[in-house]
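Inside the fold
Residues per chain, in single letters:
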Amino acid sequence: MKNKNLVILVISLALACKSSDTTVSKKDIDLGFTIAFGSCNKTNLENILWDDVLKQSPDVWIWGGDIVYADTENIKKIDSLYKVQQSIPLYKKLAKETTIIGTWDDHDYGKNDGGTEYVAKIKSQQVFLDFMRVSNSSPRRNREGIYCAHDFNNTAGRVKVIVLDTRYFRTSLTPDTETNKRNKPNIYGEGTLLGDAQWQWLANELHNSTANFNVIVSSIQFLSNMHGFECWGNFPQEVDKLKSIIENSKAKGVMVLSGDRHISEFSQTFVSGIGYPLIDFTSSGLTHVYSDFSKEKNPFRVGEVVSEKGFGLVKFNFRNNQVNFKMIGDDGVILNEHQQFYN
């Protein structure tokens with residue numbers, strides 16, 4: 001555990017996760033908290049960003065999915081790729097200095113664009129939890145899906161990180177046979193992205209949250225919905241359901257972090273009953289990107305799309321309820337940034 005920013009770090013894995021309290025001594029106390037996150041990481045390609053992540057001294061690193069590229073039902077292969085990732089020197093250093101949490105996406109789950117039909121999902125879940133160093137005695141080992149919540153506290157405030165599983169329960173997508181896009185939205189009300197149990201858990205987490213900020217981690221984009229690839233927009237009723245839950249929960253400072261797309265961008269929308277814009281910060285990818293990106297419609301986009309390798313940085317200031325969102329590239333270059341006050 002690293003000696004920065006946190007006086008007390010509490011990881012509360014509610015409703016299916018074991019809690020642990022760790023007291024952390026520190027020399028300098030400030031009023032902030034820092035999250036670094038990223039997705040799309042091939043172990044056979046060099047990740048040039050780990051030194052840049054370390055220089056930011058984040059309080060937590062969040063995997064946004066596609067930690068490895070396995071695409072197989074061979075669990076030994078998936079496990080071996082996780083072990084390769086764990087052996088990378090700078091990542092090992094990060095793991096020693098920083099709390100690491102996260103979710104999976106399709107390639108580390110085991111099937112490209114895969115959902116509930118993936119036959120090896122039960123075993124894949126166990127090797128994912130191994131990679132995340134989840135105790136064998138944790139309740140997380142005995143329930144379906146990898147979703148979980150983490151509460152991070154310091155003397156100035158609290159950040160709740162709600163990690164979703166958009167794979168284990170996701171029902172079929174609807175192929176788009178009319179255009180050159182891969183998928184189109186399902187008929188409204190048809191199918192599910194999260195499944196009943198995870199939806200109930202998510203609603204409880206937000207409703208009971210006392211955090212200053214609530215961060216929802218989704219492996220796929222929540223707002224951008226016109227590209228035809230995987231996104232929440234393929235299940236339009238689920239988009240409306242999450243907006244409704246956020247509004248009714250009265251949870252403070254809700255935002256979404258996402259990945260998957262091999263581009264980075266900020267999206268935002270306004271939800272009835274919420275006094276601030278709901279931001280979806282997409283950061284992707286770590287080792288490879290959509291370098292030929294030219295244009296793509298996103299009615300929610302704020303600023304420009306970044307198609308360079310990078311990771312996301314989210315810095316919280318509890319004094320003024322300000323959050324700074326940054327896309328960081330090689331050598332610490334700021335590729336794009338956005339600021340938001342949450343009142």
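For clarity, every value in this text was computed on a predicted model and none was experimentally measured.

What follows covers the pattern of salt bridges. According to the stated counting rule, one finds 13 salt bridges in the structure shown. Two residues, R167 and D105, come together in a salt bridge whose shortest N-O distance is 2.8 Å. Remark: D105 occurs in the loop between β5 (99–102) and α4 (106–109) and R167 occurs in the loop between β7 (158–163) and β8 (174–175); sequence separation between them is 62 residues. Accessibility assignment for this pair places R167 and D105 in one class, buried. The partner of E230 in a salt bridge is R170, and the shortest N-O contact between them spans 2.7 Å. Note that E230 is positioned in the loop between β10 (213–217) and α7 (236–249) and R170 in the loop between β7 and β8, a separation of 60 residues in sequence.

In terms of nonpolar packing, the biggest core is built from 89 residues, with I35, W61, W63, V161, W232, V314 and F316 touching the most fellow members. Setting aside residues up to four positions removed in sequence, W63 forms contacts with G38, N41, W50, Q85, Y91, I100, I101, G102, T103, F131, M132 and L286.

Scanning all chains against the criterion turns up 27 aromatic pairs. Seen from their ring centres, Y82 and F131 are 4.8 Å apart, and the 25° between their planes marks the pair as stacked. Here Y82 is found in helix α2 (residues 75–87), whereas its partner F131 is found in helix α5 (residues 121–131), with 49 residues between them in sequence. With a centroid separation of 5.0 Å and 50° between ring planes, the pair formed by F213 and F316 is classed as tilted. With F213 in strand β10 and F316 in strand β15 (residues 311–317), this residue pair connects regions lying 103 residues apart in the sequence. Of the aromatic side chains, those joined through ring pairs into one cluster are F33, F152, F213, Y276, F316, F318 and Y342.

Analysis parameters
Residues numbered from 1 in each chain as written. Predicted model: local features only at pLDDT ≥ 70, side-chain atom pairs only at ≥ 80, totals over all residues. Heavy atoms only, no water. Salt bridge = Lys/Arg side-chain N within 4 Å of Asp/Glu carboxyl O. Helix = DSSP H or I, 4+ residues; strand = E, 2+ residues; numbered from the N terminus. Buried < 20%, exposed > 50% of the residue type's maximum accessible area, 1.4 Å probe, protein only. Core = buried A, V, L, I, M, F, W, Y, C linked by side-chain atoms within 4.5 Å. Contact = heavy atoms within 4.5 Å. Phe/Tyr/Trp six-rings, centres within 6.5 Å; stacked < 30°, edge-to-face > 60°.

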